[in-house]
Each structure stands twice: as C-alpha cells, then as structure tokens.
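# Structural overview
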Amino acid sequence: MIQTAQDEPLWRWPELCEALDLPVVDGPDVAGVAIDSRQLKQGELFVALAGDPGSRFTVTHRSERDGHDFIEQAFAAGAAGALVSRDKAPIAAGTGRALLKVADTLDGLWQLGAARRRQLEGPVVAVTGSSGKTTAKAFLAAALDAHATAGSLNNHLGVPLSLGLTPRTARPVVIEIGMNHPGEIAPLAQLARPNVAVVVNVGTAHIENFADPDGIRKEKLSIVEGLSPQGILVVHDEVDLTGIAALPERILRFGRSGSADVRLLALDGLTARYRVGAVECAAAVPGGGWHRAQTLGAALAVLQALAMPVDQGLSLPQHLVPAGRGAIRQIGSATLIDDCYNANPASMAAALEQLLTDPPRSGPCYALLGEMKELGDLSADAHRTVCAQAAGLDGYWLVGDAWPEAAPGNLLGRWPRVDERTAQSLLKNTRINLDEPYNLLIKGSNSVFWQSRFVDKLADGLAAAGLSG
C-alpha cells in the first residue's frame, strides 16, 4: 500500500540543520515538506523556490515568481518553518518564525532528499519509462507494501521532494523518475540511489527534444548510473541495451518473449497469465489491457529481484489505476475511460487497442482524442496512425491542430482546443447520439484535457443532464 501515516515527525529540526550543513539548533518538528503555499498543511516546512531554476535544469516553463513572495501565506496556513535563501531572508523575517537560511533553496531541497536517502535502510526502487510510470509506481507500492508519494513527482523538484517526504523508517520505497530533455535522468537516479532500477518501456515521448529516438533510449537507460555495483536492472524485453556502459551485473527482463525472466503468456479480460522463472501463475491486472499487464510483469520482476514472494503481486486491487491513467468512471449510461493525464504514440495505441478489443462495458465505443505534443518531425505520421486506428471505433472526436485534415472512419467532430464551447458541443453530441450504454475514452497530452480538469467537467455535465442507462 502507499503509506502516508507515521508515528513520529517526518523531520526533527536538528536533522534539518544537519542535512543542510547549518549550525544545529532546536526548532519545531516538521510533519511534511511543501513547495506550494496553496497546498501546504499545518506543521509542514515551506521551501521557498524561485520560479526559474537557472541553467542547471531545462524546464518547460520559467517564471519570475518566487516562493519568497508567498512566505506570509505559508505561515498563515500553519507552516512550522521555512527554508529560505540567505539573500532573501529579510523577506521572511518575523517574530517567532523558524527559518533555515541557505545559499540556494533548490540546492537545499536536494540536500534534504540526499540526507533522507542516506537514512533509509530498506530497498529503494526507481521506475522510469516513456509512459505508465505513475501506474507502475502504484503497482509496485502495492505489491511491495512500500512507501510512495502520490502524484507524478518525477522531475528536478519532484524526486528530491519525494525523498524528503519519505519517513526515515520506510522500507521499501518506490521513486518515480521522468525526463523531458537529455541529461535529466542520471542526476535524479544518482540522488535516489536505487537498489533496483525499472525501465517500463521506451517510446517517443518528448522526441522533439532529442536528436533521434535512440537518444530517448539512452536517456531512459541512464537510470542505471544511480545503481550500486550490486544493483539490479529490471527492463522491458524489447529495450535494446547495446552501448550502455554502466549496466549492472544482474538484469531481469519482463515481456512476451520466450527469454523473458517474467513472461506474459496470455491476457483474458482483467486476468493475465505469467511465467516467472519456471512457475506459471495467474494475476489480476488492475484496469486490464496489455500495457498494464506488461506493467504488472515489471512489478513481478521487482519482487523476484528483491527475493520477495511473487504471490504479493497476483491479487492487486482494481482501484490502483491512478486518476487520468485509464481509471473507469460510470456516469449513467456513459462509461468514461479517463486516460487524459498524458499521451504519446505508444500509450495512445495501447489505449485504443484496449478499447477496441476489450472495452469495459458492452455497447458502442467512442473516443475523444487530444493532440500529442513534443513529437517534432514525427508528429504528422504519428497523428495519422492514431486516426487510422480510431477509425475502427463507432465514432471519435479530435481536439488540436496536429491531426490530419482528412480523418478516416466516423469522425464526429473536431475542435482546435478544449474550452467551454468544446465541452458544451461534446455534451450535446453525447446526448443526441449516445443515448444507449456506451464507452468513451478521453486521452491526449497533459495540457489538452488534464490541466483544465476537462473529464471532471464532462462528468458533471453528463450527471446534470440526467443520463441513465
């Protein structure tokens, strides 16, 4: 399970001082760590970060906003203390305020993560991949009975924050590591220092930021640079390991090939059959689908790597599929497949394949598809391929400018972007054309649906319309 409760403070103030190489003084116990004053809870440490991390990290958005401007809000929300920059400390001055003053607060966040990692005595598992990382983390946390933070905390802020939020007594621990540009995974892996590194898959997500697809493969596999010599790599059997210098001695593969250490033999609805070593077993696949069955295979391989009973991964509950990653929502006659957190060609193909071959409910199958971002020169072909696959559905809608002008099959509508007009138009289409029980997949890049909470709004609209099966 994903652990959140703890019997002792997450951090004691002297521990924080030691982690940051500051003089050790007494101060308040800290119940958590927050980098957003709007989400801070009573008793947490507020880390005041600059909106622009500088040249150290490549980020999709740089801002002139600064966490130091929100210190008043943080303390008003009940912050136990704040991690602040020395040159901005006067901004944070105030009677009775507990402050940790460092040269750079982002460096300080990384120092906290590194300090907590040194305290962890149990195994740490780090997972990466072009798609399915958060789902894999959820499966691994459940199978290993491990600690894992909620959400997709997988970048230069998320990984040190995940470690900083990990109780010192947690064992095992699962960390998610992601990337958008070259050179990002290795430093994060070196911070997490996993005992087991997992590469769920390698696709073309963020190809726009790489010279070629092989650059993505090498970037994903650079997670091994955080492994100790005794560390273990768990990797999909279709991933080529050629030219990776830092490979560990022990490598376990999962997949559908005959040589896989954990081989996916068959899938029937929500049940898959695997061969683990010489033993065959059946397992429940939360959410179903070949792509999630492969992800579960990775979890079984990690159990094998850590010499833990494989049985722990055979009966995972269906609710483990995170919101936006294929979770099923029943709204009257509509069965919504909420897969809108993100999309790339591989994950889009997997979601459509599952809808076409094994829908969650009998009845017509439809899809609302948002464009896929950061594909560079591959974008046109990738979107044409998705349309060709979607043509096998009973109907589909498209959002975005990247889709081809001529779309095959039963195209029901298209819009350049998601806005109130889009939502109302789709709802109107749904009420007119889909008055019987049906399945509707919603999938697209993060900025298309997820950031605007489009599925929540659509669900509310369907519920308000009073549709019933």
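For the structure itself, look to the data block above.
As the structure is a prediction and not an experimental result, all values here were calculated from the model.

To continue, consider the pattern of salt bridges. Under the definition given, this model contains 16 salt bridges. Its salt-bridge partner being aspartate 214, residue lysine 218 comes within 3.4 Å of it at the nearest N-O pair. Within this pair, lysine 218 and its partner aspartate 214 are both found in helix H8 (residues 213-221), separated by 4 residues, close to a single helical turn. On the basis of relative accessibility, which here comes to 44%, the residue lysine 218 falls in the partly exposed class. With relative accessibility at 31%, the residue aspartate 214 sits in the partly exposed group.

Once that is clear, we can look at the sheet that holds strand S4 (residues 99-102). The strand order S1-S2-S3-S4 describes an open sheet built from 4 strands, whose pairing is parallel. Each edge of the sheet is formed by a strand with only one pairing partner; in this case those strands are strand S1 (32-34) and S4. Neighbouring strand axes in the sheet, compared pairwise and without regard to direction, differ in orientation by 20 degrees on average. Direction of pairing for strand S3 (residues 81-85) relative to S4: parallel, over a ladder of 4 bridges. Bridge pairing links leucine 83 to leucine 100 in S4.

Turning to the layout of surface pockets, a few remarks are in order. When its volume is computed, the second largest pocket comes out at roughly 310 Å³. Contributing to the lining of the second largest pocket are 19 residues, with Gly287, Arg292, Gly326, Ile328 and Gln354 lying nearest its centre. Going through the elements one at a time, helix H9 (290-305), strand S13 (327-331), strand S14 (334-339) and helix H10 (345-357) are the ones with two or more residues in the lining of the second largest pocket. Tallying contributions element by element places H10 first for the lining of the second largest pocket, with 3 residues. Along the lines of polarity and charge, the residues of the lining of the second largest pocket split into 10 nonpolar, 6 polar and 3 charged.

For the rest of this paragraph, the subject is the sheet that holds strand S10 (residues 262-268). Spatially, S6-S5-S7-S8-S9-S10-S11-S12 is the arrangement adopted by the 8 strands of the open sheet, whose pairing is mixed. Strand pairing shows two members of the sheet lacking a second neighbour, strand S6 (173-176) and strand S12 (279-284), which therefore form its edges. Mean inter-strand twist for the sheet, computed between neighbouring axes without regard to direction, equals 20 degrees. In terms of strand pairing, strand S9 (residues 250-255) meets S10 through 2 bridges, oriented parallel. Looking at the pairing, phenylalanine 254 lines up with valine 262 of S10.

Attention shifts here to the packing of aromatic side chains. Taken as a whole and assessed by the stated rule, the structure comprises 4 aromatic pairs. Taking 5.3 Å as the distance between ring centres and 40 degrees as the angle between the ring planes, the aromatic pair formed by phenylalanine 449 and phenylalanine 454 counts as tilted. Look at phenylalanine 449 and you get buried, because its relative accessible area is 0%. The side chain of arginine 325 reaches across the aromatic face of tyrosine 341, ending 3.7 Å from its centre. One residue, arginine 325, lies across the ring of tryptophan 450, its end atom 5.8 Å from the ring centre.

Attention now moves to the packing of helix H4 (residues 105-119) against helix H7 (residues 185-192). Between H4 and H7, the shortest axis-to-axis distance is 8 Å and the interhelical angle comes to 45 degrees. Between H4 and H7, the interaxial angle falls into the category oblique. Each of Trp110, Gly113, Ala114 and Arg117 in H4 lies in contact with H7, whose residues at this interface are Pro187, Leu188, Leu191 and Ala192. Of the residues belonging to the contact of H4 with H7, the class tally is 6 nonpolar, 1 polar and 1 charged.

Attention now moves to unusual backbone geometry. The amide bond that connects arginine 171 to the next residue, proline 172, takes the cis arrangement and shows omega of -15 degrees. For proline 172, the position within the fold is in the loop between helix H6 (158-164) and S6. We note that aspartate 145 has phi near 55 degrees; this positive angle belongs to a residue other than glycine. By secondary structure assignment, the location of aspartate 145 is in the loop between helix H5 (133-144) and H6. Aspartate 145 gets classed as partly exposed once you look at its relative accessible area, which sits at 40%.

Below, the discussion takes up H8. Each full turn of the α-helix corresponds to 3.6 residues, which orients residues three or four apart in the same direction. Where H8 is concerned, the buried positions are Ile216, Arg217, Glu219, Lys220 and Leu221. Taken together, the buried residues of H8 touch strand S5 (124-128), H7, strand S7 (196-199) and strand S8 (232-236).

What follows is about the side chain of lysine 137. Following the sequence through the fold, lysine 137 ends up in helix H5. Here the side chain of lysine 137 touches glycine 151 through a polar contact of 2.5 Å, landing on its backbone oxygen. A polar contact is formed between the side chain of lysine 137 and the side chain of glutamate 176, at a distance of 3.5 Å. Setting aside residues up to four positions removed in sequence, lysine 137 forms contacts with Val127, Ala148, Thr149, Ala150, Gly151, Val174 and Glu176.

We now examine the pairing of S5. With 5 of 5 residues buried, S5 lies mostly within the body of the structure. The alternating pattern of S5 places Val124, Ala126 and Thr128 on one face and Val125 and Val127 on the opposite face, and all of these are buried. The pairing of S5 with S6 spans 4 bridges and is parallel. Residue pairing in the sheet places valine 124 in a bridge with valine 173 of S6. With 4 bridges connecting them, S5 and S7 associate as parallel partners. For valine 127, the partnering residue across the bridge sits in S7 and is valine 198.

With respect to the element layout, asparagine 439 can be found in strand S18 (residues 438-443). For asparagine 439, a relative accessible area of 0% gives the class buried. Of note is the side chain of asparagine 439, whose polar atom sits 2.7 Å from the backbone oxygen of arginine 361. Not counting the four nearest positions on each side in its chain, asparagine 439 is found in contact with Thr335, Leu355, Pro359, Pro360, Arg361, Ser362, Gly363, Pro364, Cys365 and Tyr366.

What counts, and where the lines are drawn
Residues numbered from 1 in each chain as written. Predicted model: local features only at pLDDT ≥ 70, side-chain atom pairs only at ≥ 80, totals over all residues. Heavy atoms only, no water. Salt bridge = Lys/Arg side-chain N within 4 Å of Asp/Glu carboxyl O. Helix = DSSP H or I, 4+ residues; strand = E, 2+ residues; numbered from the N terminus. Buried < 20%, exposed > 50% of the residue type's maximum accessible area, 1.4 Å probe, protein only. Pairing = 2+ DSSP bridges. Axes fitted to C-alpha atoms, helices over the stretch in contact; angles between N-to-C directions. 1 Å grid on protein atoms, 1.4 Å probe; cavity = no way out; pocket = protein on both sides within 12 Å on 5 of 7 lines; lining within 4 Å. Points joined across faces, edges and corners; volume = space filled by probe spheres on them. Nonpolar A, V, L, I, M, F, W, Y, C, P; charged D, E, K, R; others polar. Phe/Tyr/Trp six-rings, centres within 6.5 Å; stacked < 30°, edge-to-face > 60°. Lys NZ or Arg CZ within 6 Å of the ring centre and 35° of its normal. Parallel < 35°, antiparallel > 145°, perpendicular 65-115°, else oblique. Contact = heavy atoms within 4.5 Å. Polar contact = N/O pair within 3.5 Å; in protein donor to acceptor, adjacent residues only side chain to side chain.

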